[in-house]
Amino acid sequence: MVSERAGDVTPFLAMDVLERANDTDDVIHLEVGEPDFDPPERVTETAVASLRAGNTNYTAARGKPALRRAIAAHYDRTYGVDVDPDRIVVTPGSSPALLLAMAALVDPGDEVVLTDPHYACYPNFVRTVGGRVETVPLRPAEGFRPRVSAFERAMGSETRALLLNSPANPTGVVMSGGTLADLATLAAEHDATPVVDEVYHGLAYDAETHTMLEYTDDAVVLDGVSKRFAMTGWRLGWMVVPPALVDAVNRLAQNLLICAPNFVQDAGVAALETPPERLDAVRETYRERRDLLVDAVADWGLDLGYTPQGAYYLLADVSDLPGDALDVADLFLEEAGVAVTPGVDFGDAAADYLRFSYATDADAIREAIDRLDDLLATVER
Ligand SMILES: Cc1ncc(COP(=O)(O)O)c(C=O)c1O
């Protein structure tokens, strides 16, 4: 009864771990990628006022003009990039934007190149539209930084898109402007389109985030309010598409999505107008949490080998501990009540790793560290 395509979709292990962790008492959640902040107050007030004003009907599929203008203003203010609002399509989260991007670019049998490790869901988006995944393994010794030459080797005549992510889930690596520019050039040489997931922009600690739009208009850039404004359940994202793709993406959005929720779009305008000081404070909080975990991982004698600079994840090698990484994740959950995500969720290159998320408050992170200190002191290596 189930289609081959649906049968091929792999489970999202982080969600499986969350389900098990929720069935266990007294668990500290370092597996989820969900910010623990509240959205800015004005965002909630705007949504409520918009609801009360009756903004509950459909909007244009591409989104309300005021939101598309606010998104364009955000690119101008943040990166000095001029984006025509006509190139912006609003979506219910960045995940549907990924689906539209793949549906607009990839025909059955076409190839999409992405890194390994990568965000767990990417291959499933590619496979859902009949595409094939080609991976570029990232090396821990190089701090999981993508090499342009490795992308070049992975690309061929059937490559339609490069699917990139910076700051990256699960490594926290931030791509430099130079790397983005070189990848834009490489993609153009191969007649492929960079699809760049920038959903963790705004959450970088010792690095600058550059949008791909600084280097080319021939890219699909995805973003949304989930991460930096802590609005995961509001479901609001957007995509900036090359002029030649606008019409196709709009038709797909009309058919597959209809629109993002009307009143949430108004709240999105308020989110984008959030004073920068608030994001500075959020960033500072994440930085402190990251430092706590980075130090703890070193104390446990586990190899990190790099400093994660963005998002709120780090990937630690647990191959020195007994069993495989799935066993270690089980041990952490069952013996210490600390939930983490097995790296294999993010690709074969991360199979010996665990992903720790620091989207949890610092006290809980300290408690998790204490528990794992005690547990690891009893484990033979
Ligand atoms: C890299 C990456 N892209 C996209 C998403 C999905 O975000 P959204 O809530 O905007 O659909 C996530 C969520 O964890 C993510 O980590």
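All of these numbers come straight from a predicted model, not from anything done at the bench.

Undergrad: What exactly am I supposed to notice about the nonpolar core here?
TA: One broad rule of soluble globular proteins: the nonpolar side chains tend to lie buried together. Grouped together as the largest cluster of nonpolar side chains are 51 residues, with contacts concentrated most on Trp300, Leu314, Phe332, Leu354 and Phe356. Those elements that provide at least two residues to this core are helix H11 (276-299), strand E9 (313-317), helix H12 (325-336), strand E12 (353-357) and helix H13 (362-377). Once residues lying within four places of it in the same chain are set aside, the contact partners of tryptophan 300 are Phe356, Ile369, Leu372, Asp373, Leu376 and Arg381. Among the nonpolar cores identified, the runner-up in size contains 45 residues, and Val81, Met155, Leu186 and Ala270 belong to it.

Undergrad: So what exactly am I meant to see when it comes to empty space enclosed by the protein here?
TA: Regions of empty space are outlined by a rolling probe, equal in size to a water molecule, passed over the atoms. Within the structure shown, the criterion is met by 2 cavities of 30 Å³ or more. Within this model, the largest cavity holds a volume of roughly 130 Å³. Thr115, Pro117, Leu138, Asn165 and Ala168 are the residues nearest the centre of the largest cavity, which is lined by 17 residues in total. Among the elements that line the lining of the largest cavity, the one with the most residues is strand E5 (residues 159-165), at 3 residues. Tallied by class, residues from the lining of the largest cavity come to 12 nonpolar, 5 polar and no charged. Its boundaries defined by the atoms lining it, the second largest cavity holds a volume of some 30 Å³.

Undergrad: Where do I start with the packing of aromatic side chains in this structure?
TA: Aromatic rings in a pair are described by how distant their centres are and how their planes are angled relative to each other. Counted by the stated rule, this structure contains 12 aromatic pairs. On the basis of an interplanar angle of 85° and a centroid distance of 5.2 Å, the ring pair of tyrosine 119 and tyrosine 122 is categorised as edge-to-face. In terms of burial, tyrosine 119 and tyrosine 122 fall into one category: buried. Following the ring pairs from residue to residue traces out a cluster consisting of Phe37, Tyr200, Tyr205, Tyr286, Tyr312, Tyr313 and Tyr358.

Undergrad: Help me understand the environment of proline 261, please; the structure alone is not making it clear to me.
TA: Among the secondary structure elements, proline 261 is positioned in the loop between helix H9 (246-256) and helix H10 (262-272). Classification of proline 261 by relative accessible area gives partly exposed; the value is 28%. In this structure, proline 261 is in contact with Pro92, Trp234 and Arg235, ignoring residues within four places of it in sequence.

Undergrad: Sorry, what's going on with the site of the ligand here?
TA: Near the ligand, the surroundings consist of 13 residues, among which Ser94, Ser95, Asp197, Tyr200 and Ser226 are the closest. For the shell around the ligand, the per-class residue count stands at 4 nonpolar, 6 polar and 3 charged.

Undergrad: Got a minute to help me understand the pattern of salt bridges in this structure?
TA: Side chains that carry opposite charge are capable of pairing whenever their charged atoms lie near each other. The final tally for this structure, using the stated rule, is 22 salt bridges. One salt bridge in this structure joins aspartate 266 and lysine 64, with 3.0 Å as the shortest N-O distance. Separated by 202 residues along the polypeptide, aspartate 266 in helix H10 and lysine 64 in the loop between helix H3 (41-52) and helix H4 (65-79) bring together distant segments of the chain. We note that aspartate 266, like lysine 64, is buried. The partner of arginine 147 in a salt bridge is glutamate 142, and the shortest N-O contact between them spans 2.6 Å. Each member of the salt-bridge network shares a partner with another, and the members are Asp206, Glu284, Arg287, Arg290 and Asp291.

Definitions and cut-offs
Residues numbered from 1 in each chain as written. Predicted model: local features only at pLDDT ≥ 70, side-chain atom pairs only at ≥ 80, totals over all residues. Heavy atoms only, no water. Core = buried A, V, L, I, M, F, W, Y, C linked by side-chain atoms within 4.5 Å. Buried < 20%, exposed > 50% of the residue type's maximum accessible area, 1.4 Å probe, protein only. Helix = DSSP H or I, 4+ residues; strand = E, 2+ residues; numbered from the N terminus. Contact = heavy atoms within 4.5 Å. 1 Å grid on protein atoms, 1.4 Å probe; cavity = no way out; pocket = protein on both sides within 12 Å on 5 of 7 lines; lining within 4 Å. Points joined across faces, edges and corners; volume = space filled by probe spheres on them. Nonpolar A, V, L, I, M, F, W, Y, C, P; charged D, E, K, R; others polar. Phe/Tyr/Trp six-rings, centres within 6.5 Å; stacked < 30°, edge-to-face > 60°. Near = heavy atom within 4 Å. Salt bridge = Lys/Arg side-chain N within 4 Å of Asp/Glu carboxyl O.

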